[in-house]
Each structure stands twice: as C-alpha cells, then as structure tokens.
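# Results of the structural survey
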Amino acid sequence: MKFRILAAAVFLVMDNFWQHINRPAFLLAPMEDVTDTVFREIVAGMTTPGKLHAVFTEFTSVEGMNHPKGRERVSERLIVNESERVLLKRQNIKLVAQIWGRNPEVYYNIAKYISENYSFDGLDINMGCPVKKIIKTGACSALIGEPDLAREIILATKEGTRLPVSVKTRTGIKEHQTEEWMEHLLEVDPAAIILHGRTQKMQSDGTANWEEIAKAVEVKDRLKPHIPVYGNGDVYSYSDGLKRIEETNADGVMIGRGIFQNPWFFSPEKDEISAQERIQKLLEHTQLFEKTWGGIKNFNILKRFYKIYLNSFPGAARLRAALMEAKDYGDVYHYFEKEFDFSE
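Treat the numbers as computed from the prediction; the structure is a model and nothing was measured.

### So, the pattern of salt bridges
Close approach of charged atoms allows side chains with opposite charge to pair. Across all of its chains, the model carries 18 salt bridges by this definition. The residue lysine 112 makes a salt bridge to glutamate 116 at a minimum N-O spacing of 2.8 Å. Taken together, the residues span about one helical turn, with lysine 112 and glutamate 116 both in helix α6 (residues 104-117) at a distance of four residues. On the basis of relative accessible area, glutamate 116 is assigned to the exposed category, the value being 55%.

### A closer look at helix α9 (residues 178-186)
Among the residues of α9, those classed as buried are Thr178, Trp181, Met182, Leu185 and Leu186. All buried residues of α9 project into a common sector of 130° when viewed along the axis, lining one side. Residues of α9 that are buried in the fold lie against β5 (122-127), α8 (147-159), β6 (165-170), β7 (193-196), α10 (210-223) and β8 (229-232).

### Description of the pairing of β8
Burial of β8 is two-sided: the residues Val229 and Gly231 facing one way and the residues Tyr230 and Asn232 facing the other way are all buried. As paired elements, β7 and β8 share four bridges and run parallel to each other. Paired with histidine 196 across the strands is asparagine 232, a residue of β8. A crossover connection joins β7 to the parallel β8 through α10; in handedness this β-α-β unit is right-handed. In terms of strand pairing, β8 meets strand β9 (residues 252-255) through three bridges, oriented parallel. When the bridges of β9 are listed, glycine 231 appears paired with valine 253. As a crossover connection, the stretch from β8 through helix α11 (residues 238-248) into β9 is right-handed.

### What to know about the state of the cysteines
Summed over all chains, the structure comprises zero disulfides. In this model cysteine 129 remains outside any disulfide bridge; the closest cysteine sulfur is found in cysteine 140, 4.8 Å from its own. We classify cysteine 140 as buried; its relative accessible area is 2%.

### A few points about unusual backbone geometry
With an omega of -5°, the peptide bond between arginine 23 and proline 24 qualifies as cis. Backbone geometry places asparagine 92, a non-glycine residue, at a positive phi of 55°. Considering the arrangement of structural elements, one finds asparagine 92 in the loop between α5 (82-91) and β4 (94-100). What makes asparagine 92 exposed here is its relative accessible area of 52%. Even without being glycine, serine 312 reaches a positive phi, approximately 70°. Locating serine 312 in the fold gives a position in the loop between α14 (303-309) and α15 (316-324).

### Quick look at the environment of threonine 178
On the secondary structure map, threonine 178 appears in helix α9. Sequence-distant contacts of threonine 178, that is, excluding residues within four places in its chain, are made with Thr171, Leu195, Glu212, Lys215 and Ala216. A distance of 2.6 Å separates the side chain of threonine 178 from the side chain of glutamate 212, its partner in a polar contact.

### Remarks on the nonpolar core
For soluble globular proteins, the rule of thumb is that nonpolar side chains tend to be buried together. The biggest cluster of nonpolar side chains holds 98 residues, and the ones touching the most others in it are Met127, Phe266, Leu282, Val332 and Phe336. Not counting chain neighbours up to four residues away, the residues in contact with phenylalanine 266 comprise Phe26, Leu27, Leu28, Val43, Thr47, Thr48, Lys51, Leu52, Ile255 and Ile259.

### Comments concerning the packing of α9 against α10
α10 packs onto α9 with a crossing angle of 40° between their chain directions and a minimal axis gap of 9 Å. On the basis of their axis angle, the class for α9 and α10 is oblique. The element α9 and its partner α10 pack so that their crossing is right-handed. Residues Thr178, Glu179, Met182, Glu183 and Leu186 of α9 lie in contact with α10, whose contacting residues are Glu212, Lys215, Ala216, Val219, Lys220, Arg222 and Leu223.

### A word on the layout of surface pockets
Of the pockets and cavities examined, the largest pocket occupies roughly 780 Å³. Every residue lining the largest pocket is counted, 36 residues in all, and those nearest its centre are Pro30, Met31, Phe59, Cys129 and Pro130. When residues in the lining of the largest pocket are grouped by element, the largest group, three residues, is from β6.

So, how was this worked out
- Residues numbered from 1 in each chain as written.
- Predicted model: local features only at pLDDT ≥ 70, side-chain atom pairs only at ≥ 80, totals over all residues.
- Heavy atoms only, no water.
- Salt bridge = Lys/Arg side-chain N within 4 Å of Asp/Glu carboxyl O.
- Helix = DSSP H or I, 4+ residues; strand = E, 2+ residues; numbered from the N terminus.
- Buried < 20%, exposed > 50% of the residue type's maximum accessible area, 1.4 Å probe, protein only.
- Arc of directions from axis to C-beta.
- Contact = heavy atoms within 4.5 Å.
- Pairing = 2+ DSSP bridges.
- Right-handed = clockwise from strand over helix to strand, strands pointing away.
- Disulfide = S-S within 2.5 Å.
- Polar contact = N/O pair within 3.5 Å; in protein donor to acceptor, adjacent residues only side chain to side chain.
- Core = buried A, V, L, I, M, F, W, Y, C linked by side-chain atoms within 4.5 Å.
- Axes fitted to C-alpha atoms, helices over the stretch in contact; angles between N-to-C directions.
- Parallel < 35°, antiparallel > 145°, perpendicular 65-115°, else oblique.
- Left-handed = near helix turned anticlockwise from the far one by under 90°.
- 1 Å grid on protein atoms, 1.4 Å probe; cavity = no way out; pocket = protein on both sides within 12 Å on 5 of 7 lines; lining within 4 Å.
- Points joined across faces, edges and corners; volume = space filled by probe spheres on them.

Printed below as a string of structure tokens:
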C-alpha cells in the first residue's frame with residue numbers, strides 16, 4: 001500500500017482541535033511509565049483552568065497493537081479511567097494517543113483501530129524518542145534520517161483516521177537540520193508539530209536549543225502558517241514557558257521533565273505547597289494507582305512519583321527514604337497513618 005502526498009490534500013479531519021487552542025498553549029509530554037491515566041488525572045486535578053491544553057498517553061507501539069497476542073498488554077497504555085475523562089472534559093483538556101513504529105501500513109491499521117475503538121482527540125506520531133534500542137529498529141528519531149518514509153508514515157496515519165495527526169520530533173540526528181527536516185514534515189500537513197530542541201545524539205544531555213525552535217517557526221510561517229509549532233525542552237516553570245513562547249513565536253510549549261520538579265506546574269499562582277498538601281496528593285495518587293493498576297503494574301513504579309511530592313519541606317528526605325523501602329500499598333498507608341494525623 002503506497003500513501004501518496006496527494007492524500008494530504010483530500011483527506012478530511014473530523015475536528016482538528018489544534019486549530020482552536022488559545023495561545024499561549026501548554027502541553028504535558030508523553031513519558032514512559034509516567035503519563036498513564038492515573039498521573040494525567042492527578043495533574044489535571046491540580047491544574048488551574050485554562051493553563052493546560054492537551055495531555056498525551058505513554059508511547060504505544062503500532063506493531064505491538066497490530067499483533068493479536070501483544071495487543072492486550074500494549075493497549076494498557078491507552079486505558080483512560082472514566083474519572084480522568086470527566087475531569088479532562090470539564091477542564092477542556094484534549095487527550096492525544098501517541099504511537100510509534102516504522103511500517104506505514106501498520107500505522108494505517110492501528111490509526112483506524114484506535115479511532116474506531118477508543119475516544120481520543122488526536123493521534124501523535126513519535127519521531128523524537130532517542131533511546132538506542134528503539135533507534136536500532138529504525139523507528140522514532142531514526143526516521144529523521146529517512147524523510148521519505150517519515151512522510152509516508154504521516155500520510156498512512158492520516159488516511160487511517162479522521163482524528164488530527166500531529167508529530168513530535170527533534171531537530172536532527174547528529175547535528176541540527178531543523179529547516180530541512182521541517183520542510184519535509186510540512187509537505188504532508190501534520191495537524192501540529194512539537195519540536196524538542198535537541199538532536200538524537202544529545203539524548204537528554206546538554207541544553208535544549210530554542211534558537212532551532214525559532215528557526216522551525218520561521219519555516220512554518222513561510223510555508224504553512226496555519227500549522228502550529230510547539231517547542232519542547234528544559235522548561236521548568238510556567239513563566240519560563242511564557243518567555244520561550246515570546247522569544248520564538250511558537251504557538252506553545254510542551255512540558256516534560258519540568259513536571260517532576262513541580263507537579264503543580266500548571267497552577268502557577270501557587271507559590272508554596274504545604275507538606276500536608278504534598279502528602280495528601282501522594283496518598284491520592286497511590287490510591288488511584290492501586291485502584292487502576294493493582295495486580296497489573298509493578299507497585300515500585302510509584303516510587304518515582306513519591307520523590308517529586310516529598311521535597312521542599314523539613315523532614316522530606318526522611319520520608320522519601322522511608323517510602324523507598326515500602327514493599328506494597330499497605331506499607332505506604334500504614335506509614336502515614338502511624339506518622340501523621342490530618343484530622344482537624
């Protein structure tokens with residue numbers, strides 16, 4: 001099956017929400033073992049209305065979804081709790097499923113399958129992950145080096161769905177090749193482009209180059225001004241995000257590791273969060289995780305979240321150390337019942 005560039009001109013998107021997001025727009029990045037339905041709901045619940053515009057699922061393999069035996073496990077990444085769905089709708093936060101792979105025909109199949117069996121607001125193609133084991137398969141940021149295949153993948157995905165199809169990517173492989181790469185992507189009209197200001201070789205090292213993101217905005221303004229471009233990389237506060245938007249004229253920013261420094265990132269008016277509030281949110285997260293994933297996912301996944309709640313107050317280091325020794329949910333609940341009394 002060959003997906004021609006002509007298809008981009010004739011395919012109709014049912015509701016391209018990317019065209020209706022108000023600037024400045026903020027997005028929560030897709031992150032492995034982080035942005036599941038539980039964490040997305042927790043973040044949305046701490047968000048000031050109008051400060052977060054879209055959230056993304058974890059990376060979902062189209063090859064895994066296409067395999068009859070692998071689909072059940074891989075599809076866990078696409079689970080959306082009803083409580084999250086209600087909250088996102090109330091906050092007008094869009095939910096995007098991110099997919100990755102290499103085979104255009106499989107992208108077509110899975111785009112069609114997800115669209116028919118789930119309720120997402122958009123699909124996003126991962127052309128940015130720099131992890132070596134993924135790169136060896138020729139997927140994600142490896143596709144920067146195969147622009148013809150990358151374009152065919154975008155067209156195949158668009159042909160399989162009426163959802164808007166965005167692309168998250170990087171500025172190059174070993175060196176920045178931003179303008180050339182942007183021209184290739186814009187040729188097939190993705191609904192939006194999210195650009196991380198690092199090359200594949202940089203991984204998460206060094207500093208994200210926002211000058212390259214500004215170059216990308218200039219290219220799209222010249223060629224396809226209606227397609228929004230969002231910057232990504234090293235944004236650690238809401239005010240910093242606003243500054244980056246102003247500097248680059250990007251349509252918005254995507255927040256990744258910044259959420260680990262402050263889970264209340266999207267409530268910029270909150271200058272300080274009390275120890276009690278942090279602990280209560282930790283317990284809420286634990287309870288929702290147990291309700292959603294108990295018996296399915298490893299309890300220890302939660303410990304990375306405990307580290308982000310338990311900081312910035314006296315005794316936080318002791319609490320973190322104690323919870324790193326917890327073996328199950330009961331240990332966590334018992335510890336706080338013993339150590340703290342939150343009754344009035």
